[in-house]
Amino acid sequence: MTALVGYVRRTLLPLVNPGTVAWLLHRVTGVALALYLIPHFVSIHAAIGGRQALDGELAGFRTPLFAVAEWLLIGAVAFHAFNGLRIIAVDCFDLTGRQRLLFWLVLAACAAVFVAASTLFVPRILAPM
Amino acid sequence: MSPGAAGSATLGSRPRRGGLWAWLLQRVSGLFLVYALAVHLWAVHVVSSGRLSWDAITARLQAGHAWTIYYALFVPAVLYHAANGLWGVFLDYAPSPALRRVGLIVLWAGSFALLAYGYVGLRALL
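Numbering of residues begins from 1 in every chain and follows the order in which that chain's sequence is written. As they are written, the chains are lettered A onward and the ligands numbered 1 onward, keeping that order. Only residues with pLDDT of at least 70 get local features here, since the model is predicted, and only at 80 or more are side-chain atom pairs given and counted; chain-wide, interface and lining totals rely on the full set of residues.

## Considering the packing of helix H1 (residues 19-47) of chain B against helix H3 (residues 65-91) of chain B
All names here are of chain B.
Argument step 1. Closest axis-to-axis distance for the H1/H3 pair is 9 Å, and the angle between their directions is 130°. In terms of axis orientation, H1 runs oblique to H3. Crossing geometry of H1 relative to H3 is assigned as left-handed. Touching Ala22, Leu25, Gln26, Ser29, Gly30, Phe32, Leu33, Ala36, Val39 and His40 of H1 are Tyr70, Leu73, Phe74, Ala77, Val78, Tyr80, His81 and Asn84, all from H3. Here an axis means a line fitted to C-alpha atoms, over the contact stretch when the element is a helix, while the angle between two N-to-C directions is reported on a 0 to 180 degree scale. Only runs of H or I of at least four residues qualify as helices and only runs of E of at least two qualify as strands under DSSP, and these elements are numbered from the N terminus. Roughly parallel here means an angle under 35 degrees, roughly antiparallel means over 145, roughly perpendicular means 65 to 115, and every remaining angle is called oblique. Each crossing gets its handedness from the near helix: less than a right angle anticlockwise from the far helix is left-handed, clockwise is right-handed. Our contact criterion uses C-beta atoms placed from the backbone: two residues qualify when those atoms are within 7 Å.

Written out as structure tokens, the structure reads:
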């Protein structure tokens with residue numbers, strides 16, 4: 001137990017700084033979004049079966065579970081986009097000294113998008129079609 | 001933070017050729033995707049909210065050249081950005097040259113397969 005506490009204190013906690021958290025979140029959201037492209041393109045392929053096949057496929061997405069997944073997806077896209085802009089800004093405009101502030105701005109922008117998206121997704125989660 | 005950034009020189013297994021173009025293209029495609037995904041998500045979740053269907057999608061795809069140009073840029077941009085992003089993650093684990101070749105083939109073949117598979121279905125909507 002003391003070994004675990006020591007490991008958390010000496011090894012894990014020092015890793016928790018805006019730069020590392022941003023790097024980790026950028027990587028996790030990036031890999032998740034890249035893998036999401038596979039089912040996304042596969043579901044587009046359903047159009048080959050015609051109008052009924054595609055509309056059937058799309059109707060299957062209107063469940064509360066998909067609403068939760070799509071809401072999280074919007075959050076992942078928002079973080080990856082805003083943090084990507086932060087990386088480009090730091091690269092191009094020599095903002096290394098301001099990256100902490102920029103990281104909090106990224107989180108604020110993400111939170112704003114996520115809350116705004118709740119008006120679309122929360123009703124779908126609570127009252128499924 | 002990014003492939004080719006400071007510090008990568010210590011990783012001897014990282015290829016130097018073409019790294020600058022990959023870095024630049026990742027930034028350019030990324031900037032474009034911020035715009036393209038905002039349009040995409042708005043079209044799908046706000047404009048077509050709750051009634052995304054064959055009719056809604058065909059109407060959008062047949063609405064004119066602007067949408068055609070948009071999708072002709074959007075789809076390759078997203079596939080490149082995703083494949084190159086995964087490639088950067090893969091390189092961080094210092095794969096052997098043989099494994100690197102396999103990774104490169106999987107990413108290129110996977111991207112083209114996905115593009116072809118999606119397009120074959122999408123053609124019905126055009």
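## Looking at the environment of aspartate 55 of chain B
Residue and element names in this part refer to chain B.
Argument step 1. Tracing the backbone through its elements, the reader meets aspartate 55 in helix H2 (residues 54-61).
Argument step 2. Take aspartate 55: there are 13 C-beta atoms within 10 Å of it, and that puts it in the partly exposed class.
Argument step 3. For the pair aspartate 55 and leucine 125, spaced 70 residues apart in sequence, the C-alpha to C-alpha distance is 9.1 Å. The burial criterion counts other C-beta atoms lying within 10 Å of a residue's C-beta, which is placed from the backbone; the residue is buried at 20 or more, exposed at 12 or fewer, and partly exposed between these limits.

## Observations concerning the interface of chain B and chain A
Bring the parts together and some accessible area is lost; that lost area is often taken as the interface size.
Argument step 1. At the interface, 28 residues of chain B touch 28 residues of chain A.
Argument step 2. Within the residue set of the side of chain B that touches chain A, elements represented by two or more residues are H1, H3 and helix H4 (97-122) of chain B.
Argument step 3. At eight residues, the largest contribution of residues to the side of chain B that touches chain A is made by H1 of chain B.
Argument step 4. Note on residue classes: Ala, Val, Leu, Ile, Met, Phe, Trp, Tyr, Cys and Pro are nonpolar, Asp, Glu, Lys and Arg are charged, and everything else, Gly too, is polar. A class-by-class count of the residues in the side of chain B that touches chain A yields 18 nonpolar, nine polar and one charged.

## Details of the packing of helix H4 (residues 64-93) of chain A against H1 of chain B
Argument step 1. In contact at an axis separation of 10 Å, H4 of chain A and H1 of chain B are set at 145° when each is read in the N-to-C sense. Pair H4 of chain A / H1 of chain B crosses with left-handed handedness. Of the residues in H1 of chain B, those in contact with Ile74, Val77, Ala81, Gly84, Leu85 and Ile88 of chain A of H4 of chain A are Arg27, Gly30, Leu31, Val34, Leu37 and Leu41 of chain B.
Argument step 2. Broken down by class, the residue content of the contact of H4 of chain A with H1 of chain B amounts to nine nonpolar, two polar and one charged.

## What about the environment of tryptophan 23 of chain A?
Residues and elements named next belong to chain A.
Argument step 1. Turning to its location among the elements, tryptophan 23 is positioned in helix H2 (residues 18-45).
Argument step 2. C-beta crowding within 10 Å serves as the criterion here: with 14 such atoms nearby, tryptophan 23 is assigned to the partly exposed category.
Argument step 3. Separated by 64 residues in sequence, tryptophan 23 and isoleucine 87 have C-alpha atoms that sit 9.8 Å apart.

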